[in-house]
Amino acid sequence: MIKSSFVKTTWTLRPVNSYKNGTMLSVVIAAMLKPGYLRGFCCFLSFSPNSLFGMGNPLLDIIAVVDKDLLDKYTLKANDVILAEDKHKALFDELVKKFKVEYHAGGATQNSIKVAQWMIQEPHNVGTFFGCIGKDKFGEILKQKAEEAHIDAHYYEQDEEPTGTCAACITGDNRSLVANLAAANCYKKDKHLDLEENWKLVEKAKVYYIAEAATFAKEQDFETKDIKEIAKKAQALPKVNTKRQRIVVLTQGKEETVMALGDKIDTFPVLKIDPKDIVDTNGAGDAFVGGFLSELVQEKPLDQCVKAAHYSANVIIRRVGCTFPEKPDFN
């Protein structure tokens, strides 16, 4: 039985920006489930709907090709990623009114669950997702888009804040991203997670993924810039469940991926891609996670998980946003 002291997670699986030397990192830490704790993600036996559980900040991605006048109006740089300020609040409705937009279910964790489902294809609803949205039109669109992506999304809906959104303003080869977290920050554990019908979905899952944005190595006070050494130090951190070894995976953009398990360090070259084929790298980390989870939930070997992660990221960076073709070409 899993006790509902849920949000006591300490491990992360997210791209980590701005480690001391600016290297892009993703930290993947796998650990067994201990009563009262969900740490990173953990693997058990079967593969069926609701086998994968994710919890994070849901956003509705709103993508549009815009003109320079819009960027100037909201003082946006052509190629940037920012959090929305008060002066940006009207941007999202203006995009919808004045430009042709595409909507996608977004937010880091939801992206990863979405990519995992795309990689798996069948059955649908392998991934369950919890997060908070507003009772508004963008919330309704987000629910529709999550359903179209075959995610079993169960949102906590409240009316104090609007649904979180991320505007992707495209000009030529540039993308200016503006995220308004809004309702995504308003999740209430006691009003949603602790409800019996929702907790049953948590108990049903075999693999768990919870993200938080953190500069992992810096926060852990690792006094090294060497990626392999960081992996070793992360793998050796204290662990509640000693029956299962922690696995640490670090990505570093186009450079090799590093995995630490016990005293062993393995490296995996990323898939080659012509720079001219790279369209948008913002969803690469989320896609890497999604690909990894898609194999982990099927109890595939870890090297196969990394292979799927590299494939997913390679597909996503060729497209705008965290989007993908109808079916993957992976085996």
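Residues numbered from 1 in each chain as written. Predicted model: local features only at pLDDT ≥ 70, side-chain atom pairs only at ≥ 80, totals over all residues. Heavy atoms only, no water.

The name an unreviewed UniProt entry assigns to the protein chain is Adenosine kinase, from the organism Amphiprion ocellaris. The protein chain has a UniProt comment under Subcellular location (unreviewed entry) that states "Nucleus". Looking at the protein chain in UniProt, the text filed under Subunit (unreviewed entry) is "Monomer." (UniProt positions renumbered as here; feature names shortened; annotations may be inferred.)

Caption draft 1: Summary view of the nonpolar core. Ranked by internal contacts, the top residues of the largest apolar core, which has 49 residues, are Leu91, Leu95 and Cys169. The element best represented in this core is helix H9 (residues 284-296), accounting for 5 residues. If we skip the residues at most four places from it in the chain, leucine 95 touches Ile62, Ala64, Val66, Leu70, Val101, Ala167 and Cys169. The next biggest cluster of nonpolar side chains, apart from the first, holds 14 residues, and it includes Met55, Cys186, Val202 and Ala205. (Core = buried A, V, L, I, M, F, W, Y, C linked by side-chain atoms within 4.5 Å. Buried < 20%, exposed > 50% of the residue type's maximum accessible area, 1.4 Å probe, protein only. Helix = DSSP H or I, 4+ residues; strand = E, 2+ residues; numbered from the N terminus. Contact = heavy atoms within 4.5 Å.)

Caption draft 2: Quick peek at the packing of helix H3 (residues 108-120) against H9. Where H3 contacts H9, the axes come no closer than 7 Å and their chain directions differ by 45 degrees. Between H3 and H9, the angle falls in the class oblique. Here the hand of the crossing between H3 and H9 comes out right-handed. Contacts from Ala108, Asn111, Ser112, Val115, Ala116, Met119 and Ile120 in H3 reach Asp286, Ala287, Val289, Gly290, Gly291, Leu293 and Ser294 in H9. (Axes fitted to C-alpha atoms, helices over the stretch in contact; angles between N-to-C directions. Parallel < 35°, antiparallel > 145°, perpendicular 65-115°, else oblique. Left-handed = near helix turned anticlockwise from the far one by under 90°.)

Caption draft 3: Local environment of the layout of surface pockets. Of the voids in this model, the second largest pocket is the one considered here, and its volume is about 240 Å³. Lining the second largest pocket, in full, are Lys114, Gln117, Trp118, Gln121, His124, Glu148, Ala149, His150, Phe324, Pro325, Glu326 and Lys327. The dominant element in the lining of the second largest pocket, judged by the number of residues it contributes, is H3, at 3 residues. Residues that form the lining of the second largest pocket fall into these classes: 4 nonpolar, 4 polar and 4 charged. (1 Å grid on protein atoms, 1.4 Å probe; cavity = no way out; pocket = protein on both sides within 12 Å on 5 of 7 lines; lining within 4 Å. Points joined across faces, edges and corners; volume = space filled by probe spheres on them. Nonpolar A, V, L, I, M, F, W, Y, C, P; charged D, E, K, R; others polar.)

Caption draft 4: The UniProt feature "active site" (unreviewed entry) in the protein chain, seen in detail. Taking the UniProt record as the reference, the feature "active site" (unreviewed entry) is found at Asp286. Structurally, the position occupied by aspartate 286 is in helix H9.

Caption draft 5: Here's a closer look at the sheet that holds strand S7 (residues 127-134). What the 4 strands build is an open sheet, ordered S8-S7-S3-S11; its pairing is parallel. On the outer flanks of this sheet lie strand S8 (152-158) and strand S11 (207-210), each paired with one strand and no other. Each strand axis lies, on average, 20 degrees off the axis of its neighbour in the sheet, ignoring direction. Two elements, S7 and S8, share 7 bridges in a ladder whose sense is parallel. Each bridged residue has a counterpart across the sheet, and for glycine 131 the counterpart in S8 is tyrosine 155. In the packing of helix H6 (residues 196-204) onto the sheet, the strands contacted are strand S3 (52-55), S7, S8 and S11, and the crossing angle to S7 comes to about 145 degrees. (Pairing = 2+ DSSP bridges.)

Caption draft 6: Examining the sheet that holds strand S10 (residues 174-180) more closely. The strand order across the open sheet built from 5 strands is S5-S10-S9-S4-S6, with neighbouring strands paired in mixed fashion. Each edge of the open sheet is held by one strand with a lone partner, namely strand S5 (80-83) and strand S6 (101-106). Neighbour to neighbour, the strand axes of the sheet diverge by 15 degrees on average, direction disregarded. Where S5 and S10 come together, 4 bridges link them in parallel fashion. Note on S10: the bridge partner recorded for isoleucine 82 is valine 178. Relative to strand S9 (residues 165-171), helix H2 (residues 91-98) is tilted by about 55 degrees, and along the sheet it contacts strand S4 (59-65), S6, S9 and S10. Contacting S4 and S6, H3 crosses the sheet at an angle of about 90 degrees to S6.

Caption draft 7: Representation of H3 within the structure. Between its first and last C-alpha, H3 extends 19 Å over 13 residues, near the 18 Å set by a 1.5 Å rise per residue. Counting buried residues in H3 gives 13 out of 13 residues, a clear majority hidden from the surface. Glutamine 121, located one to two residues past H3, shows a positive phi value of around 70 degrees. (Expected span 1.5 Å × (residues − 1).)

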